[in-house]
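# Summary of the model geometry
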There are 2 protein chains.
Amino acid sequence: MTADLSGRLIAIDWGTSRLRARLLDGNARVLAETASDRGIGTLSGGHEAIFEETVAAWPAVPAIMAGMIGSRQGWREAPYVPCPATPAAIAAAIKPFTTASGRPVAIVPGLVLDAPARDGDVIRGEETQLIGLLEQEPAFAGIAVLPGTHSKWARVEGRAIVSFQSFMSGELFELLSRTSFLRHSVAAQATGDLSAAPDFTLAVRRVSEGLPFAASLFSVRTRYLLANAPPDANLAYLSGLVIGGEIAAARDLGLLTKGTPVRIVGATALAAGLVTLARHLGFIS
Amino acid sequence: MTADLSGRLIAIDWGTSRLRARLLDGNARVLAETASDRGIGTLSGGHEAIFEETVAAWPAVPAIMAGMIGSRQGWREAPYVPCPATPAAIAAAIKPFTTASGRPVAIVPGLVLDAPARDGDVIRGEETQLIGLLEQEPAFAGIAVLPGTHSKWARVEGRAIVSFQSFMSGELFELLSRTSFLRHSVAAQATGDLSAAPDFTLAVRRVSEGLPFAASLFSVRTRYLLANAPPDANLAYLSGLVIGGEIAAARDLGLLTKGTPVRIVGATALAAGLVTLARHLGFIS
């Protein structure tokens, strides 16, 4: 007896620091999942062996993956697709291949933006989350914010990803809170949701209402020194400065205007995007 | 025969990472100098012993010092003097003491600014450089920029330090160029003067003419990836973004307006400031 594998798919988010694989059924429900810290930043080759090891316990269904695995340092380079880009255009740029074990595999390309004022911009992985957003809300026109180590603000319109702007906010926060001299003025670790703290809101308001981001950072030290700000509240304050800096920049760039619909797109949208692309490729029906 | 020590002075810049001591004659000329990496950030107590060791070869003249040595983690805390502050007011706040060996010693206090929009600001060491500037240009009215790990922009007017704004530019540049993911896109070390590179100027112009600092950082990666920017030119570009961010913030804060005189104040002004304060204290005539 053979299992009916129709519609099953392996969907993989393979980034710089993490590898997350899911076995999905024909309705994109998660049947099994696994994760490891074998991100492409930790590897020098050997991607196929790690892939096979990761999915060894699952049926031999097609696999589709997004993220830095398609970069020059990844398994196979999937060259950037230019913006504006529709899900169909992204799917058409994918070149599926077959592993030594005979399994069909696809790596999703990133997007490149021609932005002369800052010598262009690129994303890898987030395009698939945005396809997931478009799957859920095909008519969405507005700004999609994708938080993360390198957060992205994307303009979505006419069922296409029109443009985007990258930030380093997540990494900046890590560097400032753990490595810079500010580490002596903030808690080593967050207790609970930083964005729920009043000091987070205060910092976001200050930086988005006139205190320039670059001029705000030293105040994390001063608050600790002069006002005895508790370390956990001060960590929330620092987080608010970084997020406030991102929001103020997005507003100054015209990304955030009154009345523009905004969606926060999380990692869960990635699986939906991979399923859409797998359908375009004929991996599933 | 005893040497005539009249007017001689030991002037010390004792900061977080470095200790620099100079033996000066009555005309503030350097007779001898020594430096070590025994900054207060590397010590837990024992400051007097290190001081005695540092000056052991020199005559037993009074010593005056500025920098983090006056902080809570230093030798003796010299509490902050509020702004606006004149050199005389700063001198009046100094409480000289005598070492076990009988030498008169003075530690210069830092300044505190009541700046509610960012919970205050502080400096330690730079107040003495600013006193040096006022010694050289008593009538100066304008903005003094003090580059460094934590750079400062100070408003000087009426022979007083009126206000100031701290930045983390030097430290930010180090973190971004050596620790962040941008390190893969820039040279590990500067070859020559970064600010002389065309890409430095380009970056300063972009950030001071509309590209928000927080939105500019990722482009260091993109330039390397898409435009094959040479690592040394790209390091200059990153430096220009950070400096541009500081300049744009200073302008947005109203510190940099058309026609305002600006002075760049370097470390050499510190010795001049220490001599002025030593005169106020009667250490020298």
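Thresholds, definitions, all that
- Residues numbered from 1 in each chain as written.
- Chains lettered and ligands numbered in written order.
- Predicted model: local features only at pLDDT ≥ 70, side-chain atom pairs only at ≥ 80, totals over all residues.
- Heavy atoms only, no water.
- Helix = DSSP H or I, 4+ residues; strand = E, 2+ residues; numbered from the N terminus.
- Rg over C-alpha atoms; globule rule 2.2 N^0.38 Å.
- Buried < 20%, exposed > 50% of the residue type's maximum accessible area, 1.4 Å probe, protein only.
- Contact = heavy atoms within 4.5 Å.
- Areas by Shrake-Rupley, 256 points an atom, 1.4 Å probe, with all protein chains shown as cover.
- Axes fitted to C-alpha atoms, helices over the stretch in contact; angles between N-to-C directions.
- Left-handed = near helix turned anticlockwise from the far one by under 90°.
- Nonpolar A, V, L, I, M, F, W, Y, C, P; charged D, E, K, R; others polar.
- Pairing = 2+ DSSP bridges.
- Buried area = accessible area lost by both parts, 1.4 Å probe.
- Salt bridge = Lys/Arg side-chain N within 4 Å of Asp/Glu carboxyl O.
- Polar contact = N/O pair within 3.5 Å; in protein donor to acceptor, adjacent residues only side chain to side chain.

## A closer look at the overall build of chain A
- Regarding its fold elements, chain A presents nine helices and 13 strands.
- In summary, chain A has a C-alpha radius of gyration of 21 Å against a globular reference of 19 Å for 285 residues, a match within 12%.
- Its C-alpha atoms give chain A principal-axis dimensions of about 70 × 40 × 30 Å.
- A buried classification covers 56% of the 285 residues belonging to chain A.
- The contacts of chain A with a sequence gap of at least 6 include a subset with a gap of at least 24, amounting to 65%.
- Carbon and sulfur atoms form 53% of the exposed surface of chain A, whose accessible area is close to 12,100 Å².

## Thoughts on the packing of helix α4 (residues 169–178) of chain A against helix α8 (residues 231–252) of chain A
Residues and elements named next belong to chain A.
- Look at α4 against α8: their axes get within 10 Å of each other, and the N-to-C directions meet at 145 degrees. The chirality of how α4 crosses α8 is right-handed. Note on element contacts: α8 touches α4 through L235, L238, S239, V242 and E246, opposite S169, F173, L176 and S177.
- Taken together, the residues that form the contact of α4 with α8 break down as five nonpolar, three polar and one charged.

## What to know about the packing of α4(A) against helix α4 (residues 169–179) of chain B
- Their axes nearest at 11 Å, the elements α4(A) and α4(B) cross at an angle of 115 degrees. Here α4(A) and α4(B) pass one another in a crossing that is right-handed. Residue-level inspection shows A:E171, A:L172, A:L175 and A:L176 of α4(A) in contact with α4(B), the latter providing B:L172, B:L175, B:L176 and B:T179.
- Among the residues forming the contact of α4(A) with α4(B), the class breakdown is six nonpolar, one polar and one charged.

## With respect to the side chain of A:T276
- By the secondary structure assignment, A:T276 is in helix α9 (residues 268–281).
- Discounting chain neighbours no more than four positions away, the residues touching A:T276 are A:I131 and A:E135.

## Digging into the sheet that holds strand β7 (residues 104–107) of chain B
- Ordered in space as β3-β2-β1-β4-β7-β6 (chain B), the six strands form an open sheet in which the pairing is mixed. Every other strand in the sheet has two partners, leaving β3 (30–36) and β6 (97–98) of chain B as the edge strands with one partner each.

## Some words on the interface of chain A and chain B
- Counting residues at the interface gives 44 residues for chain A and 44 residues for chain B.
- At the boundary of chain A with chain B, total buried surface from both sides reaches about 3,600 Å², with 71% on carbon and sulfur atoms.
- Among the residues chain A hides against chain B, the three largest losses belong to A:D119, A:M168 and A:F218. Together they make up 18% of the total.
- Counting the contacts that link chain A with chain B gives four salt bridges.
- The interface formed by chain A and chain B includes 12 residue pairs in polar contact (both at pLDDT 80 or more).

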